[in-house]
Amino acid sequence: MRTVVVILLISVFLPCSCKEEVIVTPSPHPKDFPEVFDAFWAKMNSNYVFWDSDKTRWDEQYQKYKPLFAELDINQRNDVEKSLSYFTAMTKDLVDGHYLITIGNKYLGNTPVINPTLARKQSLQSYRPPYDHLPTVKTYLDNDYQFAVAGGFNTNDSRFEILCGKIEGDILYLSFSSCYMLRMQSSADKPGVNAVIQYFLSELNSSSLRGVVIDLRNNHGGDISDLNFIVGPFVEPGTVFGYSRYKYDAGRMDLTPWLDAKINPLPGTRHVGAPVVVLADNFTGSAAELMTSAIQSLPGGTFIGEMTYGATGTLTPEVLYNDGSFEMGEFMTVQTSSSQFRTFDNLFVEGIGIKPDIAIEFNLKDLNEGHDEALERAIGTFENRQ
Amino acid sequence: MKIQGSAIIPVLIMALLLQSKAVCQVRIGIVAGPALNFLDSRKFNSPTNVSSSRYGYRAGISVQYDFRNRISILSGLDVIQKNYSLHRPDSIGTQFSFRNTFIQAPLLLQWKVLDAKRLSLYVSGGGFVSYWKSGRVNAQVPNTFDSYVDDKQSVHVNWEQVNTTYEFTTADIRYEYGLVAGLTLGYEMTSRIIISTSLQFYRSLANLRIDQSPARFNNTGALGLGLTYNIKDK
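About the cut-offs
Residues numbered from 1 in each chain as written. Chains lettered and ligands numbered in written order. Predicted model: local features only at pLDDT ≥ 70, side-chain atom pairs only at ≥ 80, totals over all residues. Heavy atoms only, no water. Helix = DSSP H or I, 4+ residues; strand = E, 2+ residues; numbered from the N terminus. Buried < 20%, exposed > 50% of the residue type's maximum accessible area, 1.4 Å probe, protein only. Contact = heavy atoms within 4.5 Å. Areas by Shrake-Rupley, 256 points an atom, 1.4 Å probe, with all protein chains shown as cover. Lys, Arg positive; Asp, Glu negative; His and termini not counted. Charge placed at Lys NZ, Arg CZ, Asp CG, Glu CD. Salt bridge = Lys/Arg side-chain N within 4 Å of Asp/Glu carboxyl O. Phe/Tyr/Trp six-rings, centres within 6.5 Å; stacked < 30°, edge-to-face > 60°. Lys NZ or Arg CZ within 6 Å of the ring centre and 35° of its normal. Pairing = 2+ DSSP bridges. pLDDT = per-residue confidence, 0-100. Axes fitted to C-alpha atoms, helices over the stretch in contact; angles between N-to-C directions. Expected span 1.5 Å × (residues − 1). Core = buried A, V, L, I, M, F, W, Y, C linked by side-chain atoms within 4.5 Å.

Caption draft 1: Molecular detail of the overall build of chain A. When helices and strands are tallied, chain A shows 14 helices and 14 strands. Overall size of chain A, expressed as C-alpha extent along the three principal axes, is 95 × 60 × 40 Å. Taken over 386 residues, chain A has a buried fraction of 57%. Excluding contacts between residues fewer than 6 apart, the proportion of contacts in chain A whose partners are at least 24 apart in sequence is 72%. Just so you have it, chain A exposes about 16,000 Å², and 51% of that area is on carbon and sulfur atoms. Of the side-chain charges in chain A, 32 are positive and 48 negative, and the distance between the mean point of each set is 4 Å.

Structure below.
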């Protein structure tokens, strides 16, 4: 009997003493590079939402870079520059299209930015810089088009441009350079932009429209509520255009179930039955990309142009989901998405982009000669539906 | 050094063999009752979540082999829920409730500490292995992809209530092992039928997460009402 009791006791207590757990506790205000590295690694571990689909092996990054950061001195300019190259290497394959690291001004006298998605795109032979389509588009518009410029709402979009007009009398065209339409409309100090928005809304309610073109080329995004504002007139309340999910706890894979991504028209919105075409290109990102996906999901919606940028998550304050962007004291800030998105046909397009229904390759020569093939195809789409 | 929990089982069997002077009594039974699970979550960076215990159930069949007057082996197969919830007590108020169903096989050594007429009291200890068969998650969460604009042009985020099957990820470890201890009070209704009530506590030694996430261990208490049939009389 004694043998049994002793063995039972051993079996109960021995394994308890052998639980292993490696825990990295981030410091909110790291003071040296070992602390910076630990804080960065741990916050990425808990806040990054794409670990289930990302190729980056985060544990291996810890093993590889921890000793390298341990050798750096945060007060030495050369070492800070070296840290930039380490951060760049650690994050180069991250799929998050919103991902940005910004180093604090105090350390290098400027604010260098690490942008893995843009760096990958720029390394491709097919990369082209952004192109301003509006001068060419204006040649297609009827003479009474309206155009306005105003200061933007953030440093990335410091200039807001809006162009609205008609093509052949019954096709309504709208272009806006960032998704701040609703905010612009609410701002008393943007009268020029407001007038164009009011023109768009009044023409949208015209019963004789053959079609609507929403041009999101070069639009980097902005407020997601613009979906309700711009796409709302074309849908019933609560229309599902995709699916989203977030983190619920600090584990890498602690993701909520997929939730419906919905469009809810603004109060008093009149339903528009006209077909709609969205034009987008490689620089259509974030909220503009979601708008592209939403229009593509409509029964009368068509997407013409290039693959979009591939930044379909949202940026919300860290406090909402305990995920997404974070700061590491004065040293650096990390911008990262707080949600995943899947399109209406269940495709995960982060870092990839949304595929157009009608693909039009960018043609600088044609554009410079005044031929906007994407816009012409959009007009052609409406002619087929006449 | 790592000790595998399943190593406990051969140790127990060896101990029993050393003691084997069989009285050869075999009983089969059924047991069912509520289970209360406490999630032991080692947090390192989840500043706002609080985990709470949740009730579930346990139901199963058991086989008891008495090989000495006071010592027996108890095993069986159970379906047991190890439920828990995570919520944020702050102003955000997000809530998640997880209902996780395990198929579990315990192996216990029982010692009859009380044998008074028709009443018997057993204390038991041993181990268990289990397989995380399925899960459901009931969540209440703000959905930034479902916003609306009010008459004053203010933007609001809708809350989503979702109740759906839990999708396992590569971070989940679905096999669990651990230790179990318990008390069983039996009442002999006839020479072959015993009704019993039992209280068992399962302590998992297996982290349910594979990565450097907050480690998660289930600690589960189960109250059972059982009916045992003696198929091999004394």
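Caption draft 2: Layout of the overall build of chain B. When you go through chain B residue by residue, the secondary structure sums to 1 helix and 10 strands. Helices and strands in chain B line up, N terminus first, as α-β-β-β-β-β-β-β-β-β-β. Burial analysis of chain B (234 residues in total) assigns 50% to the buried set. In chain B, once contacts between residues fewer than 6 apart in sequence are set aside, the share between residues at least 24 apart is 67%. Total accessible area on chain B is roughly 11,100 Å²; 61% of this is exposed by carbon and sulfur atoms.

Caption draft 3: Structural context of the pattern of salt bridges. Counting across every chain of the model gives 27 salt bridges over all chains. As a salt-bridge pair, Asp38(A) and Lys66(A) come within 3.2 Å of each other at their nearest N and O atoms. Here Asp38(A), found in helix H2 (residues 33-47), pairs with Lys66(A), found in helix H3 (residues 58-70); they are 28 residues apart in sequence, far enough to count as distant. Residue Asp172(B) pairs with Arg209(B) through a salt bridge whose shortest N-O separation is 3.3 Å. Pair noted here: Asp172(B) is in the loop between strand S7 (155-165) and strand S8 (175-188) and Arg209(B) is in the loop between strand S9 (193-204) and strand S10 (215-230), with a separation of 37 residues, a long-range link. Judged on exposure class, the residue Asp172(B) and its partner Arg209(B) are both buried. Beyond isolated ion pairs, a larger network of salt bridges with shared partners links Asp249(A), Asp254(A), Asp172(B), Arg209(B) and Arg216(B).

Caption draft 4: How the structure looks around the packing of aromatic side chains. Summed over the entire model, instances satisfying the criterion amount to 32 aromatic pairs over all chains. For the pair Tyr248(A) and Phe98(B), a centre-to-centre distance of 5.2 Å together with 45 degrees between the ring planes defines the contact as tilted. Here Tyr248(A) is found in the loop between strand S7 (239-245) and strand S8 (259-263), whereas its partner Phe98(B) is found in strand S5 (residues 95-116) on a different chain. Each member of the pair, Tyr248(A) as well as Phe98(B), carries the same accessibility label: buried. Centroid distance Phe98(B) to Tyr166(B): 6.3 Å. Interplanar angle 80 degrees. Geometry classified as edge-to-face. Of this pair, Phe98(B) sits in strand S5 while Tyr166(B) sits in the loop between S7 and S8, placing them 68 residues apart in sequence. Neither Phe98(B) nor Tyr166(B) differs from the other in exposure class; each is buried. The ring of Phe102(B) has Lys82(B) lying over it, and the distance from NZ or CZ to the ring centre is 4.9 Å.

Caption draft 5: Molecular detail of the pairing of strand S9 (residues 276-280) of chain A. Residues and elements named next belong to chain A. Extensive coverage of S9 is indicated by the burial of 5 of its 5 residues. Side chains Val276, Val278 and Ala280 project from S9 onto one buried face, and the interleaved Val277 and Leu279 project onto a second face that is buried too. As paired strands, S9 and strand S10 (residues 301-305) are joined by 5 bridges and run parallel to one another. Across the sheet, residue Leu279 finds its bridge partner in S10, namely Ile304.

Caption draft 6: Spatial organisation of the confidence of the model for chain A. Residue and element names in this part refer to chain A. Confidence in the prediction of chain A, expressed as mean pLDDT, is 88, and 91% of residues score 70 or more. Mean pLDDT values for the elements of chain A range from 43 in helix H1 (residues 2-13) up to 97 in S9. For the stretch residues 1-21, pLDDT sits under 50, and the model shows 34 contacts to residues farther than four places along the chain or on other chains.

Caption draft 7: Geometry of the sheet that holds strand S12 (residues 332-335) of chain A. Residue and element names in this part refer to chain A. What the 4 strands build is an open sheet, ordered S2-S1-S12-S11; its pairing is antiparallel. The sheet is open, and its two edges are formed by strand S2 (113-114) and strand S11 (326-328), each paired on a single side. Note: S11 against S12, 3 bridges, orientation antiparallel. By the bridge assignment for S12, Glu327 is matched with Thr333. Packing against the sheet, H2 makes contact with strand S1 (100-103), S11 and S12, and its axis sits at approximately 170 degrees to S11.

Caption draft 8: Region of interest: the side chain of Asn218(B). All names here are of chain B. As for its placement among the helices and strands, Asn218 is situated in strand S10. Assessed through its relative accessible area of 1%, Asn218 is described here as buried. If we skip the residues at most four places from it in the chain, Asn218 touches Asn37, Phe38, Leu39, Lys82, Phe102, Glu176, Tyr202, Arg203, Ser204 and Leu208.

Caption draft 9: Looking closely at helix H9 (residues 191-204) of chain A. With 14 residues, H9(A) should reach 20 Å at 1.5 Å per residue; the first-to-last C-alpha distance of 20 Å fits that figure. Of the positions making up H9(A), those classed as buried are Val193(A), Asn194(A), Val196(A), Ile197(A), Tyr199(A), Phe200(A), Glu203(A) and Leu204(A).

Caption draft 10: Local environment of the environment of Thr94(B). Inspection of the secondary structure assignment puts Thr94(B) in the loop between strand S4 (84-87) and S5. For Thr94(B), a relative accessible area of 7% puts it in the buried group. Distance from Thr94(B) to Thr48(B), taken between C-alpha atoms, is 9.9 Å for residues 46 residues apart in sequence. With residues up to four places along the chain from it excluded, the contact list for Thr94(B) reads Leu320(A), Leu86(B), His87(B), Arg88(B), Gln140(B), Val141(B), Pro142(B) and Trp159(B).

Caption draft 11: Here's a closer look at the sheet that holds strand S13 (residues 340-343) of chain A. Residue and element names in this part refer to chain A. Spatial strand order, S8-S7-S13: 3 strands in an open sheet with antiparallel pairing. Each edge of the open sheet is held by one strand with a lone partner, namely S8 and S13. Shown here is a sheet whose adjacent strand axes are inclined to one another by a mean of 40 degrees, direction ignored. Relative to the sheet, helix H11 (residues 287-297) contacts S7, S8 and S13, its axis offset from that of S7 by approximately 135 degrees.

Caption draft 12: Geometry of the nonpolar core. Among the nonpolar cores identified, the biggest contains 78 residues, and Ile162(A), Phe176(A) and Ile214(A) are the most heavily contacted of them. The element best represented in this core is strand S6 (residues 119-149) of chain B, accounting for 7 residues. Listed in part, the 35 residues of the second largest apolar core include Val36(A), Met44(A), Tyr86(A) and Ile103(A).

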